[in-house]
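Structural characterization, general
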Amino acid sequence: LALQRKDPGQAERLYQESLAMCLEMDYRRGIGLSQHGLGQAALMLNDLSTTWERFVSALRLFVELMDPIEVSESLIGLAHTAQVGQAFEFAARLLGAVERIVEDQQMVVRGETRLELDQVVKDTQAGLGSRQYEQARLAGRGMSLEQVVALVRTPPGMRPVDSLR
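The following paragraphs examine the structure supplied in this document. (Residues numbered from 1 in each chain as written. Predicted model: local features only at pLDDT ≥ 70, side-chain atom pairs only at ≥ 80, totals over all residues. Heavy atoms only, no water.)

Between its first and last C-alpha, helix 7 (residues 130–141) extends 16 Å over twelve residues, near the 16 Å set by a 1.5 Å rise per residue. Buried within helix 7 are the following residues: Tyr133, Ala136, Arg137, Gly140 and Arg141. Looking down the long axis of helix 7, one finds its buried residues gathered within 145° of arc, a one-sided arrangement. Along helix 7, exposed side chains directed more than 90 degrees from the buried face belong to Arg131 and Gln135. (Helix = DSSP H or I, 4+ residues; strand = E, 2+ residues; numbered from the N terminus. Expected span 1.5 Å × (residues − 1). Buried < 20%, exposed > 50% of the residue type's maximum accessible area, 1.4 Å probe, protein only. Arc of directions from axis to C-beta.)

This next bit is on the nonpolar core. Counting residues in each nonpolar core, the largest one holds 35 residues, and the members touching the most others are Trp52, Leu59, Leu75, Leu78, Phe90, Leu94 and Val152. Elements with a contribution of two residues or more to this core: helix 3 (48–64), helix 4 (68–84), helix 5 (88–104), helix 6 (111–128), helix 7 and helix 8 (145–152). Once residues within four sequence positions are removed from consideration, leucine 59 is found in contact with Val71, Ser74, Leu75, Leu78, Val149 and Val152. (Core = buried A, V, L, I, M, F, W, Y, C linked by side-chain atoms within 4.5 Å. Contact = heavy atoms within 4.5 Å.)

Secondary-structure assignment places threonine 81 in helix 4. Residues threonine 81 and phenylalanine 55, spaced 26 residues apart in sequence, show a C-alpha to C-alpha distance of 9.2 Å.

Taken together, the side chains of Met21, Met25 and Tyr27 make up a nonpolar region of the molecular surface, amounting to roughly 350 Å² of accessible area. Along the polypeptide, methionine 21 turns up in helix 1 (residues 8–25). Overall, methionine 21 belongs to the exposed group, its relative accessible area being 52%. (Patch = residues over 30% accessible without salt bridge, like charges linked within 9 Å, V, L, I, M, F, W, Y side chains within 5 Å. Areas by Shrake-Rupley, 256 points an atom, 1.4 Å probe, with all protein chains shown as cover. Salt bridge = Lys/Arg side-chain N within 4 Å of Asp/Glu carboxyl O.)

What describes two packed helices is the angle between their axes and the distance between those same axes. Interhelical geometry of helix 5 versus helix 7 gives an angle of 50° and a closest axis separation of 6 Å. On the basis of their axis angle, the class for helix 5 and helix 7 is oblique. Here the hand of the crossing between helix 5 and helix 7 comes out right-handed. When helix 5 is examined against helix 7, the residues Glu89, Ala92, Arg93, Leu95, Gly96, Ala97, Glu99, Arg100 and Glu103 are found in contact with a partner set consisting of Tyr133, Ala136, Arg137, Gly140 and Arg141. Split by residue class, the contact of helix 5 with helix 7 holds five nonpolar, two polar and seven charged. (Axes fitted to C-alpha atoms, helices over the stretch in contact; angles between N-to-C directions. Parallel < 35°, antiparallel > 145°, perpendicular 65-115°, else oblique. Left-handed = near helix turned anticlockwise from the far one by under 90°. Nonpolar A, V, L, I, M, F, W, Y, C, P; charged D, E, K, R; others polar.)

Rendered as structure tokens:
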């Protein structure tokens, strides 16, 4: 709720509490969801390094748990982070990987996630150009999940920006 109200400070406090409880109970899915929420809060604060770390942590857990919905959500968060950091080709590759997971799992992306995904695609296409976007997206579609996880271990050469759009 704090994220929807655009209150990243409150969201960070609540997700930190959630993370502590989930760690204590060894509730791995909850740990991943808390890490993802902390990534979203950090993105709102324009802390791209922390954002990247949190989304990668969530991704690793969700891969271990074999949860394709949360894997795709984490990859969308990473693509959003790369796009904000103007690493457009990297973002497009991640978006291609998301597209493949969604298609392979016959999932439907809805709600806030759909809105975020559509905006990231639009902004990434604008930053990269249609032709380059399509090439990078197709490269991402051709990657295995293991390759995607290896790719995100090292953040792209992102440049910090003054504010989020």
